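Fold and contact review
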Amino acid sequence: MSNEEIKETEETPAETSPVSEVKTTTAPAEIAAEDSFSEQVSSEEDFGSILEKFEQDQVVVHPGEVVTGKVIGVSEHGVVVDFGYKAEGVAPLEEFTAPNGEVTVKTGDEVEVVIRNLPSGDGPPVLSFNDAQRRKTWEEIEKAFRDGTPVSGVVVDKTKGGLNVDISGIEAFMPGSLVDSRPVSNLDSYKGQEIEAVVIKFSRKKNNIVLSRKAITDEVIGKQKAETLEKLETGFVVEGVIKNLTDYGAFVDIGGIDGLLHVTDMSWGRLQNPSDMFKVADTIQVKVLKLDRVKEKVSLGFKQLQPDPWSAVVELYPVGARIKGKISSVTEYGAFVELEPGVEGLVHVSEMSWSKRARSPKTFLKSGDEVEVQVLGVDTEDRRISLGMRQLQPNPWEHAAALYRVGTTVTGSVRNLTDFGAFIELEEGIDGLVHISDISRSKKIKHPKEVLKKGQEVQAVVTSLDVDAQKMSLSIKELVPSVWDSFITAHRPGDVVRGKISRFAGFGIFVELEEDLEGLCHISELSDERIDNPEKIFSIGQELDFKILRIETDNHKIGLSHRAVGKEDEPIVDYKSYTTEAKGGMASLGELANLKFSSSKSEEAKTEAAEPAASKAKEVEEVAEVEEAASSEEVAAVEEVAVVEEVAEVEEVAAVEEVAEAVDSSEVSDKIDSAESTDAPDVLEAAEQGVEVKGGEADAEAAS
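Let me begin by describing the structure that accompanies this report. (Residues numbered from 1 in each chain as written. Predicted model: local features only at pLDDT ≥ 70, side-chain atom pairs only at ≥ 80, totals over all residues. Heavy atoms only, no water.)

Considerations on the packing of aromatic side chains
Counted only if it meets this: Within 6.5 Å between ring centres, the rings of Phe, Tyr and Trp (the latter by its six-membered ring) count as paired, and their orientation is classed by plane angle as stacked under 30 degrees, edge-to-face over 60, tilted in between. Strands are runs of DSSP state E lasting at least two residues, helices are runs of H or I lasting at least four, and both sets are numbered from the N terminus onward. Think of it in three bands: residues with accessible area under 20% of the maximum for their type are buried, residues over 50% are exposed, and the middle band is partly exposed, with areas taken using a 1.4 Å probe on protein chains only. Consider the ring centre and the ring normal. A charge sits over the ring if Lys NZ or Arg CZ is within 6 Å of that centre and within 35 degrees of that normal.
One pass over the full model with this rule turns up 9 aromatic pairs. A centroid spacing of 5.5 Å and a plane angle of 65° characterise the contact between Trp-138 and Phe-202, whose relative ring orientation is edge-to-face. Of this pair, Trp-138 sits in helix α4 (residues 129–147) while Phe-202 is found in strand β9 (residues 194–203), placing the two residues 64 residues apart along the sequence. Relative accessible area serves as the criterion here: at 18%, Phe-202 is assigned to the buried category. Geometrically, the ring pair formed by Tyr-248 and Phe-251 is edge-to-face, given 6.5 Å between the ring centres and 85° between the ring planes. One aromatic cluster is present, formed by Trp-138, Phe-145 and Phe-202 through successive ring pairs. Stacked on the ring of Phe-510, the Lys or Arg Arg-503 has its end atom at 3.9 Å from the ring centre.

Topic: the nonpolar core
Across soluble globular proteins, nonpolar side chains have a tendency to be buried as a group. Stated formally: To define a nonpolar core, start from buried Ala, Val, Leu, Ile, Met, Phe, Trp, Tyr and Cys residues and group those joined through side-chain atoms within 4.5 Å. Should any heavy atoms of two residues lie within 4.5 Å, those residues are counted as being in contact.
Within the largest apolar cluster, 21 residues are counted, with the highest numbers of intra-cluster contacts made by Tyr-404, Ile-424, Leu-426, Ile-430, Leu-452, Met-472 and Leu-474. Once residues lying within four places of it in the same chain are set aside, the contact partners of Ile-424 are Gly-412, Ser-413, Val-414, Ile-430, Asp-431, Gly-432, Val-434, Val-458 and Leu-474.

A look at the pairing of strand β25 (residues 471–475)
Quick note on the threshold: When DSSP finds two or more bridges between a pair of strands, those strands are recorded as paired.
Strand direction decides the pairing type here: strand β23 (residues 430–435) and β25, joined by 2 bridges, are parallel. Its bridge partner being in β25, Val-434 is matched across the sheet by Leu-474. One ladder, built from 5 bridges, connects strand β24 (residues 457–466) with β25; its direction is antiparallel. Looking at the pairing, Ser-464 lines up with Ser-473 of β25. Hairpin remark: β24 followed by β25, antiparallel, with 4 residues in the connecting loop; positive phi at Gln-470, about 55°.

Let's talk about the sheet that holds strand β15 (residues 297–301)
Basically, it comes down to this: Axis definition: a line fitted to C-alpha atoms, over the contacting stretch in the case of helices. Angles run 0 to 180 degrees between N-to-C directions.
The 5 strands are arranged β11-β12-β13-β15-β14 in a closed barrel whose pairing can be described as mixed. For this sheet, the mean angle separating the axes of adjacent strands, direction not counted, is 50°. Of the strand pairs in this sheet, strand β11 (residues 237–245) and strand β12 (residues 249–253) are connected by 4 bridges, and their pairing is antiparallel. Paired with Asn-244 across the strands is Phe-251, a residue of β12.

What follows is the structure, given as structure tokens:
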């Protein structure tokens, strides 16, 4: 029953109901029960109001809110915080513990915490001090980003491309290019350092913060640089700090501006690596060598503050002096010897040994070796000293005159082959040259490698010796019996010999008569019939009989004829000399007279040439072969070729022999074109062998 109902009941008049009348006359026991109920109702009314008032006094909080509370207890289980809620909350003790293990909070301290959880049961609220600190830090970072003010943090680690920075529990990233105004080669040096930086990128939602320390250092360095450049001059000696080392030098901070100290300006001596002399953060004194205020570039020198050792080189190291030094470096062309710090000399590879054998200095010298050398030359202007090592060794050429007299037979090994000959090493330091013409008597050699090879041991004869110039000429062919002399002693023009075809040429075939002795049979002397391609009829190695047409002792040339074998009426010439270089068994292309005559004039030329030729028949045999045009329609022009040979006789005037031949112009033209195009190399070889070509039927035929 509600209070209203009770009140209404109590206020109802007695006369309204007979029952009421009865109640007014209720017994005392009933009245006592009624009083007890009234007291109970009054008690319930007081508890409700008290509870309502208590609930109104409690703080209304939600998970995730930041609240301020007072520490009422600290234990190993956590820190108890009263933050005005109906129950105290607990925060982890490790959030209030420093890295050294010391607890940073005590009873009575006020702290800000974040409500992580409000349990519905009997458990206490879960609080976090770190979350509150992070939230506060995010707010501070956001404000710094908006205002452009710097924040402080501790570098915790180096990562790919930069540094990780802790800002009161919030991790931020700083790119390596934004760490400093100058390039930083070693980011590890920043680990554990507390630095200031500007927030250049901020996103709380993506948990992304990017810092730049360079923005702060640029401003500071800019002011220092302006002040430094204003008072700096070339030649000034200033103090600086090495900021960075490279392979080519060091960058020195001389007050807001980095000057380059090149490796060549660090020491008067040879310095392989700047790190061997300096290290980062070293404070040194340097001299300003160059200054460019516009480009803000400064070149510095360190060795310029020390005495120049080259100032007394001429007095200390005169030419001819023998001194000791240490090899500082070895190259393919020589070795550098350090005579004293800052002074080096070069021993060229050619001055290391009397031997001319190609050897790399790296095979027998190394850095750090101590050697004795002789000063060969000093150039103080270019700072160069030429040194020699072989001058301290016995010169093998001093006794060469006694050991290698002209005519002496020597033995050596082929050291080197060139286009013009071979160098034979007789002993270490002494070489002799065998010219290509002194290798073989009869065989034509285009390059020494055809018969010699490196390292081959050979014998030769000393033909000349110049000790002063250290030159010696040798000959291998002097030791080989002369096949040529033996052959010409036993044979004369007109003899028939047996030979083997050794090679083909466009103008004929070469015939091996004996070992290392060849003769040439021109294509016109192979057969009475026309032969365009000897290779279709003959083969390499085929043995045939040949008649000797001509022997040239001066040039060692032998002209042969296969078609003349068995023909006694063939003219034979014992010896002839020619003014051209083309020497051989037949006529040369160079001796063809390119004269053009008509058919009638060709006949007249033949008639006129017959009379003087007859008067000299005993001295010179004349062979004239005339081919007339097969058809007047086919012959457009007739080319007349006249070969004039002068035969010398003692105390007589030279007689002139003219042989005129009419040749089909089309055939001559074809052959000239062919010689100029396809057989040019063969014609040149023929010229070297002494071949002469003469016009004849369907081809040039022999004239002797």
